[in-house]
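# A look at the structure
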Amino acid sequence: MLNDLLISVHWYLILLVLGLVFYPLTSLIFSSFIDKGYSFAKTIGMIILSYLMLTTGILHVLPFSLISLVIILFVVLMIFLLFHKKLRLFDKTLFKKTFLWIVVEELCFVLVFAFWAYVRSFMPDINGLEKFMDYGFVNSILRSTYFPPRDMWFTPYPINYYYFGHFVTAVLTKLSDISSNYTYNLMIATLAGLTFSSCFSIAVNLYNQTVSQKNFLRFVIVGILTAAIVTFAGNLHTLYTFFKPYENEHPVPLWQLAFSPQTFPNNYWYPNATRFIYHTIHEFPIYSWTVSDLHGHVTDIPFVLLTIAFLYSLLLSSDSYQGDKRKQKRAPPSFAKIYYLLKKELPIPLIHLMLISLLVAIMYMTNAWDGLIYLLLAIFLLAYFEWGAIGRGTSSLITKLFALVLELVIPVVILGVGFIIFSLPFSLFFKPFVSGIGILCAPSFLTNMGHLGPFLFEANHCQQSPFWQLIILYGFFYVFVIFLIASLSFLKKLEKSDIFVLLLIGMATFLIIIPEVLYVKDIYPDHYRANTMFKLVFQSFIMLSLVSGYSISRVSLILKEHKQKIAYPVFFVVALFLLTTVFIYPYFSITSYYGNLTDYKGLNGTAYLQTRYPSDAQAIAWLNKNISGQPVILEAQGDSYTDFARVSANTGLPTVLGWTVHEWLWRGTYDVPAPRIDEVKEMYESPDLDLTRSLLSKYHVQYVFVGTLERQKYTVDESKFATLGKIVFQSGATRIYQLES
């Protein structure tokens, strides 16, 4: 336990230094926030450091190493010192104003980080669900000298998936010099801590717009409540704990089940809250922390919250933008005329548009859907700015809309061009595997047509969600939405925070509706809208959770101010009931997955290998210690979500073929990985030495792993490997052969 504590403190100190280094830049970006956005300093630091490392690595300017990362940090520091007046590096007044906020927000991060690191220590295994894939990506990146990183399951190709979140994990691993079997779990805890502290900052800055008297304790309470809803709340599915359980994957309405509070919690199974609608996925953060897959939708949460916060800060500063535009009478007659013309005409400064483009690109590289979602949210915000400018003196709605479209053309083009440029380090080596946009419940004349451009009309594709299931999943949020909208009707004028929250409500609702209308086509025949719903409503949950926290504080204030003696206690009781319902979910998920927190195992995510495959574990450790770079290693191929591909996942060494279905998805067709299944079998089983040598040469195999799963799956002919090379490791029945070049 002491070793885990020391490693965790070491990791935390790296994050703390990173946050302090980038706080001056953060305070400039979030100058309109009362806390100057301190909670986002670590996230901004992670983005800038990782993006610069990725870019310089792709250009072969800097190799991926600790020295390179230090060089990048040093250059950034020099730039900050050069612009120290603009960044207010030595401003004591700013420090005094924000010191208390820094302490509170850092404490929020530390407590949640420590709590989840502690929880993970009771089940730290990097095994099950998507963990082999995520861990393999991190390890492959760590072994890279330059980029793009190699796909450890499909040599010699690069990763064809959204890996920037894994890249950030690898950067922090390299920077901290801690082994990845620890940093995997520490990164999960870090993401939870960043989510909580980021939501805290967003909440207090939303709340700040609604009150004239600044009570610090109330700010803290509002911030913690909102952050807790986003980070730890479930949904109303926990109501099923009071009813006789239904058969898994066959949910029924509550009114069709027997009410049974005396046997609470009635064998409640926590994953059902994320698989409630037939053949779909609708996860949320606390489920993600629980199962701890370091997947794109999870690693992107801090980037998403940073983007939401930045868009809100733009709204807070919108008056100053408009004031600057009014002061500019004409563009100067110089070579900079175009720049000044843009500066005059754009709804927000050009530098801010470019920053949005960068954030959208980062989200796209981490979890593609999120980039598109928040690009759309940014456009909606720009539309709001322009609508206010063109609305005066224009009577026709059609004329207004036409003028709005014209005004948005230039900023949207700038956003698009910026996104393309910033995402180039990723997109140059990425081939999208989406094959079309399917329309749900298309009429027969369209299904007979089959497709029209990118739109697909597939027969028997008519899955739509019953309304009662949507109520279970999102009813918690929309109760607060209804209360908020009703309360806002008392006001003569909306605050900017109200406007921003209404924008989030509209966007989140739109995302919930989309999977009921269309889906993005992938390789899964029965679960054809699962990924579409998953990626969209995960963001809806985050947005609506922020909305709910805001609604509780905002509605309470409005009802008090307008002396609603009946409505206020009703709202209080309803809010208390709803919060209790969603906050019991972590109890079920944590105690179920982590065994009631009774068996401490530590933070070493690969320790389980010593028990499950002791000889293989020693061989994997030998590979990690003795083999540098990324020579190809042959191991048994197997199905997704099994222990096959364990060697490549745990070392980052590329193999001929790992999890086939994953490669099928990433390569767009089963025909690409399928031939390798038999070829791997031939390499292990064929008595034909020439054939074996030819296949090994085809994939540039340098090492052959013969362990527990290889012996289980194949009738291994080891004699030929002894002929073609030599044994470099042996423990029990596990052997590693190094082939002669």
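Anything mentioned here points back to the structure above.
For the structure given in this document, a descriptive report is provided here.

Rules used in this analysis
Residues numbered from 1 in each chain as written. Predicted model: local features only at pLDDT ≥ 70, side-chain atom pairs only at ≥ 80, totals over all residues. Heavy atoms only, no water. Helix = DSSP H or I, 4+ residues; strand = E, 2+ residues; numbered from the N terminus. Rg over C-alpha atoms; globule rule 2.2 N^0.38 Å. Buried < 20%, exposed > 50% of the residue type's maximum accessible area, 1.4 Å probe, protein only. Patch = residues over 30% accessible without salt bridge, like charges linked within 9 Å, V, L, I, M, F, W, Y side chains within 5 Å. Areas by Shrake-Rupley, 256 points an atom, 1.4 Å probe, with all protein chains shown as cover. Salt bridge = Lys/Arg side-chain N within 4 Å of Asp/Glu carboxyl O. Pairing = 2+ DSSP bridges. Axes fitted to C-alpha atoms, helices over the stretch in contact; angles between N-to-C directions. Parallel < 35°, antiparallel > 145°, perpendicular 65-115°, else oblique. Left-handed = near helix turned anticlockwise from the far one by under 90°. Contact = heavy atoms within 4.5 Å. Nonpolar A, V, L, I, M, F, W, Y, C, P; charged D, E, K, R; others polar. Phe/Tyr/Trp six-rings, centres within 6.5 Å; stacked < 30°, edge-to-face > 60°.

### Quick notes on the overall build of the protein
- Regarding its fold elements, the protein presents 32 helices and eight strands.
- Compactness check: the protein gives a C-alpha radius of gyration of 27 Å against a globular reference of 27 Å for 741 residues, within 12% of the reference.
- With the C-alpha coordinates of the protein rotated into their principal frame, the extents come out at 85 × 75 × 65 Å.
- Per-residue burial over the protein gives 58% buried out of 741 residues.

### Looking at a nonpolar patch on the surface
- Side chains of Ile67, Ile71, Phe74, Val75, Leu77, Met78, Ile79, Leu81, Leu82 and Phe83 sit close together on the surface and give an oily, nonpolar patch of about 950 Å² of accessible area.
- Within the fold, Leu82 resides in helix 3 (residues 66–82).

### Description of the pattern of salt bridges
- This structure, assessed with the given rule, holds 16 salt bridges.
- Note that Glu283 is salt-bridged to Arg275, the shortest N-O span being 3.2 Å.
- Between Glu710 and Arg646 there is a salt bridge; the shortest N-O distance is 2.7 Å. Of the two residues, Glu710 sits in helix 31 (residues 708–713) while Arg646 sits in helix 27 (residues 646–651), which places them 64 residues apart along the sequence.
- On the basis of relative accessible area, Glu710 is assigned to the buried category, the value being 0%.
- Assessed through its relative accessible area of 1%, Arg646 is described here as buried.
- One salt-bridge network, held together by shared partners, links Asp616, Glu635, Arg646 and Glu710.

### Remarks on the sheet that holds strand 8 (residues 734–739)
- Ordered by their spatial adjacency, four strands build an open sheet running 5-6-8-7, and the pairing between neighbours is mixed. With partners counted over all chains shown, the strands left at the sheet margins are strand 5 (632–634) and strand 7 (725–731), one partner each. When the angles between neighbouring strand axes are averaged without regard to direction, this sheet yields 25 degrees.
- Note: strand 5 against strand 6 (residues 701–706), three bridges, orientation parallel. By the bridge assignment for strand 6, Val632 is matched with Val701.

### Examining the packing of helix 12 (residues 301–316) against helix 15 (residues 350–366)
- Interhelical geometry of helix 12 versus helix 15 gives an angle of 160 degrees and a closest axis separation of 10 Å. Taken together, the axis directions place helix 12 and helix 15 in an arrangement best described as roughly antiparallel. Between helix 12 and helix 15 the crossing geometry is left-handed. Residues Phe303, Val304, Leu306, Thr307, Phe310, Leu311 and Leu314 of helix 12 touch helix 15, and the partners they reach there are His352, Leu355, Ile356, Leu359, Ile362, Met363 and Thr366.
- A per-class count over the contact of helix 12 with helix 15 returns 11 nonpolar, three polar and no charged.

### As for the packing of aromatic side chains
- Counted according to the given criterion, the structure contains 74 aromatic pairs.
- Taking 6.0 Å as the distance between ring centres and 70 degrees as the angle between the ring planes, the aromatic pair formed by Phe430 and Phe433 counts as edge-to-face. Here Phe430 matches Phe433 in class, with each residue buried.
- Ring centres of Phe534 and Phe538 lie 6.4 Å apart, and the angle between their planes is 85 degrees; on these two criteria the pair is classed as edge-to-face.

### Considerations on the environment of Tyr585
- Checked against the element boundaries, Tyr585 lands in helix 24 (residues 585–593).
- By relative accessible area, Tyr585 is classed as buried at 0%.
- Look past the residues within four positions of Tyr585 in its chain and what remains in contact with it is Gly234, Thr238, Tyr268, Tyr270, Pro271, Ala273, Thr274, Phe284, Ile286 and Tyr287.

### Examining the sheet that holds strand 4 (residues 518–520)
- Across the sheet, four strands lie side by side as 2-3-1-4; this open sheet has mixed pairing. At either end of the open sheet lies a strand with only one pairing partner, and these are strand 2 (451–452) and strand 4.
- Note that strand 2 and strand 3 (residues 455–456) share two bridges and pair antiparallel. For Leu452, the partnering residue across the bridge sits in strand 3 and is Phe455.

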